[in-house]
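Remarks on the overall topology
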Amino acid sequence: YEKRHICIKIQDRGEPFSDDQKKQLCEESQMPPSSLDEFTGGELWCACALLRKWGAQLEISSDSNGNTIAVFIPSNETKGM
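Here we summarise the structure given alongside this text. (Residues numbered from 1 in each chain as written. Predicted model: local features only at pLDDT ≥ 70, side-chain atom pairs only at ≥ 80, totals over all residues. Heavy atoms only, no water.)

1. So, the nonpolar core
Counting residues in hydrophobic clusters, the biggest one holds 9 residues: Phe17, Leu25, Trp45, Cys48, Ala56, Leu58, Ile60, Ile69 and Val71. When contributions to this core are tallied by element, the ones reaching two or more residues are α2 (41-53), β2 (57-63) and β3 (66-74). (Core = buried A, V, L, I, M, F, W, Y, C linked by side-chain atoms within 4.5 Å. Buried < 20%, exposed > 50% of the residue type's maximum accessible area, 1.4 Å probe, protein only. Helix = DSSP H or I, 4+ residues; strand = E, 2+ residues; numbered from the N terminus.)

2. Focus: the environment of Cys7
When you line up the elements, Cys7 lands in strand β1 (residues 5-12). Taking relative accessible area as the criterion, Cys7 reaches 25% and is therefore assigned partly exposed. It is 4.6 Å that separates the C-alpha atoms of Cys7 and Phe72, two residues lying 65 residues apart in sequence. The residues contacting Cys7, other than those within four sequence positions of it, are Val71 and Phe72. (Contact = heavy atoms within 4.5 Å.)

3. Thoughts on helix α1 (residues 19-26)
Among the residues making up α1, those that are buried are Gln21, Lys22, Gln24 and Leu25. Summarising the axial view, the buried residues of α1 lie within an arc of 165°, below the 170-degree limit, and thus occupy one face. (Arc of directions from axis to C-beta.)

4. What about the pairing of β3?
Within β3, 8 of the 9 residues are buried, which leaves it mostly tucked inside the rest of the structure. Once β2 ends, the chain turns through 2 residues before running back antiparallel as β3. (Pairing = 2+ DSSP bridges.)

5. Regarding the side chain of Arg52
On the secondary structure map, Arg52 appears in helix α2. There is a polar contact of 2.9 Å between the side chain of Arg52 and the backbone oxygen of Glu27. (Polar contact = N/O pair within 3.5 Å; in protein donor to acceptor, adjacent residues only side chain to side chain.)

6. Things to note about the environment of Ser18
If you trace the backbone, Ser18 turns up in the loop between β1 and α1. Spatially, the C-alpha atoms of Ser18 and Ser61 are 9.6 Å apart, while their sequence positions differ by 43 residues.

Below is the structure:
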């Protein structure tokens, strides 16, 4: 719980995402980018799109050790509930 958001960090040791892939995962679009693998990237794109629909913010970083996706979900306090 950080600054009125719940933060979840997901890390993997796979191939680092390109800047284009990171941008596509964080932006609103109707279809997953063609640069994401059909079997892994498509599901990740759908998960990111669903999280954004619920008001989450995503931060994606990559380095030689893999990728980190930080998901910031507004708490009920932030939503005024």
